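# Examining the three-dimensional arrangement
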Amino acid sequence: SALTALEVVGVLAAGVAAGAINAVVGSGTLITFPVLLAIGYGPVAANVSNTLGLVPGSVSGAIGYRNELAGQRPRVIRLSGVAVLGGLAGAILLLTLPDAAFEAIVPALVGLALVLVVVQPRLSAWLDARRTRPRRRDGGAGLLAGMLGASAYGGYFGAAQGILYLAALGLALDDDLQRLNALKNVLAAIVNGVAAVVFVVVAPVAWLPAALIAAGSIVGGQVGARYGKRLPAPVLRGVIVVVGLAAIAQLVL
C-alpha cells in the first residue's frame, strides 16, 4: 500500500532507532514492528518486512564492533552453522504456524529473555561457585543447544533475539560483555539474513517499508556501535530490561 510522507519519515526514523538498539542490545524489532502494525500491515507481513529491513543494520552493527571481534573467529565459525540452521527453522515455523500462535507465543518468550538477562550475573556466579572444572573456552554442547534455540526464535520473530543470545553467551563463556555483544551482532546478522532469504522466496514482503528500515538501520547500526561500547554492563542490562518491558506491553495491550 502507498505510504504518506509522514509514514515514510516514521518508518525511516524507526529504522535508525532499531539499528542503534540492535547494535547495542538486540531488540530493535520492538520499535519497527509496532510502527508497521500502526500504519496498517498485518502481524506476519510486518514481521517479514521488518526482518528483511533489519539485515543491513545487523551487518552495520557487526562492522562497528569489529575491534571487539578480535580473536573470536573460531567462535564465530562454530556458532555460525547453528545460527543458519536455527534461522531456517524459525522462518519456516513463522510461515507454517497460524498468525494467532505467533501473537500468543511472542510475549512469553520476550518475558523469559528479560528474566535471563536480569539474573545472568547471579546465575553465572552461582554456576562458578559449583563448577569443578573451568568454563570451556568454546562453551561446549550446552552453548550450541542454547544458540540453536535462540536462533530459531530469531528466525521466527527476532525481537529480543539479541537478549537471548547475550544470556546464553554470558552463561557459557567467560568473556567481557562488549566482546560477547560483538559476537551476538554477527550471529544475529546471519539468522536475519537466512530468514530474509526464505521470506523473499515465499512470503509477502512490503518492499517500501523494508527498504526504509534497511536505510535507517544501516545508519543506526553505526551510531549504536559508536556509543553503545561506552555503556557499562549494568547500564546495558538496564537498557535491555526497559526495552523488553516496553515490548511486552506493546504486544499484550
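Everything below is about the structure printed above this text.
Structural notes, computed from the coordinates. (Residues numbered from 1 in each chain as written. Predicted model: local features only at pLDDT ≥ 70, side-chain atom pairs only at ≥ 80, totals over all residues. Heavy atoms only, no water.)

## Some points on the packing of aromatic side chains
Test applied: Two rings from Phe, Tyr or Trp (for Trp, the six-membered ring) form a pair when their centres sit within 6.5 Å of each other. Planes less than 30 degrees apart are called stacked, planes more than 60 degrees apart edge-to-face, and all others tilted. Only DSSP runs of H or I with at least four residues qualify as helices, and only runs of E with at least two residues qualify as strands; both kinds are numbered from the N terminus onward. Buried means the residue's accessible area, taken with a 1.4 Å probe over protein chains only, is under 20% of the maximum for its type, while exposed means over 50%, and partly exposed covers the values in between.
A complete count under the given rule lists 4 aromatic pairs for this structure. Taken together, a centroid distance of 5.2 Å and an interplanar angle of 75° make the contact between F33 and F157 edge-to-face. Of the two residues, F33 sits in helix α2 (residues 29-38) while F157 sits in the loop between α6 (140-156) and α7 (161-172), which places them 124 residues apart along the sequence. When sorted by exposure, F33 lands in the same class as F157, which is buried.

## Remarks on the side chain of S60
Heads up, the condition is: Here, two residues are considered to be in contact whenever any of their heavy atoms come within 4.5 Å of each other.
Inspection of the secondary structure assignment puts S60 in helix α3 (residues 43-64). If sequence neighbours within four positions are ignored, S60 has contacts with S217, I218, G221 and Q222.

## Regarding α3
Cut-off, in case you're wondering: Expected span of a helix: the number of residues minus one, times 1.5 Å. We define the bend at any residue as the angle between the axes fitted to the seven residues before and including it, ending there, and the seven starting there.
Relative to the 32 Å expected for 22 residues at 1.5 Å per residue, α3 spans 31 Å between its end C-alpha atoms, a close match to the ideal helical length. At L54, α3 is deflected by roughly 30°, the largest bend along its length, and proline P56 occurs up to four residues later in sequence. In terms of residue burial, α3 counts as a mostly covered element, since 17 of its 22 residues are buried.

## Some remarks on the packing of helix α1 (residues 5-24) against helix α8 (residues 177-202)
Between two packed helices, what matters for the description is the angle formed by their axes and the separation of those axes. Note the threshold: All axes are obtained by fitting lines to C-alpha atoms, using only the stretch in contact for helices, and the reported angles, taken between N-to-C directions, cover 0 to 180 degrees. Angles are sorted into four bins: roughly parallel if under 35 degrees, roughly antiparallel if over 145, roughly perpendicular if 65 to 115, and oblique for all others. Residues are grouped as follows: Ala, Val, Leu, Ile, Met, Phe, Trp, Tyr, Cys and Pro are nonpolar; Asp, Glu, Lys and Arg are charged; every other residue, Gly included, is polar.
Close contact between α1 and α8 brings their axes to 8 Å; oriented N to C, the two are set at 125°. The orientation of α1 relative to α8 falls into the category oblique. When α1 is examined against α8, the residues N22, A23 and V24 are found in contact with a partner set consisting of N181, K184 and N185. For the contact of α1 with α8, the residue count by class is 2 nonpolar, 3 polar and 1 charged.

## Some thoughts on the environment of A195
In this structure, A195 sits in helix α8. Along the chain, A195 and G90 lie 105 residues apart, while their C-alpha atoms are 7.5 Å from each other. The contact partners of A195, leaving out residues within four places of it in the chain, are T51, G87, A91 and G155.

## Examining the environment of V110
Along the chain, V110 falls in helix α5 (residues 99-130). Excluding residues that lie within four positions of it along the chain, V110 makes contacts with Y153, A159, A160, G244, A247, I248 and L251.

## Topic: the nonpolar core
If you look at soluble globular proteins, the nonpolar side chains tend to sit buried side by side. Defined as follows: Working definition of a nonpolar core: buried Ala, Val, Leu, Ile, Met, Phe, Trp, Tyr and Cys residues. They are joined through side-chain atoms within 4.5 Å.
Ranked by size, the top nonpolar core spans 71 residues in total, and within it L143, M147, F157, I163 and L169 carry the most contacts. The greatest single-element share of this core, amounting to 12 residues, is contributed by α8. Once residues within four sequence positions are removed from consideration, I163 is found in contact with V25, G26, S27, A113, L114, V117 and I240.

## Focus: empty space enclosed by the protein
Just so we agree on the cut-off: Within this scheme a cavity is a closed region of a 1 Å grid, computed over the protein atoms alone, that accommodates a 1.4 Å probe without allowing it to escape, whereas a pocket is open but has protein on both sides within 12 Å along at least five of seven lines; lining residues each have an atom within 4 Å of a point. Grid points are joined across faces, edges and corners, and a volume is the space filled by probe spheres set on the points.
All chains considered together, the criterion is met by 3 cavities of 30 Å³ or more. Reported here for the largest cavity is a volume of approximately 180 Å³. Lining the largest cavity are 19 residues, with N22, S58, Q161, A188 and N192 sitting closest to its centre. Of all the secondary-structure elements, those providing two or more residues to the lining of the largest cavity are α1, α3, α7 and α8. By residue number, the principal contributor to the lining of the largest cavity is α3, which donates 6 residues. Split by residue class, the lining of the largest cavity holds 4 nonpolar, 14 polar and 1 charged. Put simply, the second largest cavity is a space of about 50 Å³. In terms of lining residues, the second largest cavity is bounded by L116, V117, Q120, L166, A167, L177, L236, R237 and I240.

## Structural notes on helix α9 (residues 207-228)
If you check α9, its first and last C-alpha atoms are 29 Å apart, about what 22 residues at 1.5 Å a residue would give, namely 32 Å. For α9, the complete set of buried residues consists of P209, A210, L212, I213, A214, G216, S217, G220, G221, G224, A225 and G228. Elements in contact with the buried residues of α9: α1, α2, α3 and α8.

## Remarks on the pattern of salt bridges
Two side chains with opposite charge may pair up if their charged atoms get near one another. The following threshold applies: By salt bridge we mean one thing: a side-chain nitrogen of Lys or Arg within 4 Å of a carboxyl oxygen of Asp or Glu.
Taken as a whole and judged by the stated rule, the model has 2 salt bridges. Among the salt bridges present, the one from D175 reaches R75, with a minimum N-O distance of 2.9 Å. Here R75 lies in helix α4 (residues 73-96) and D175 lies in the loop between α7 and α8, a separation of 100 residues in the sequence. For R75, a relative accessible area of 10% puts it in the buried group. Ionic pairing is found between D175 and R179, a salt bridge with its closest N-O pair at 3.1 Å. Among the charged side chains, a network of salt bridges with common partners joins R75, D175 and R179.

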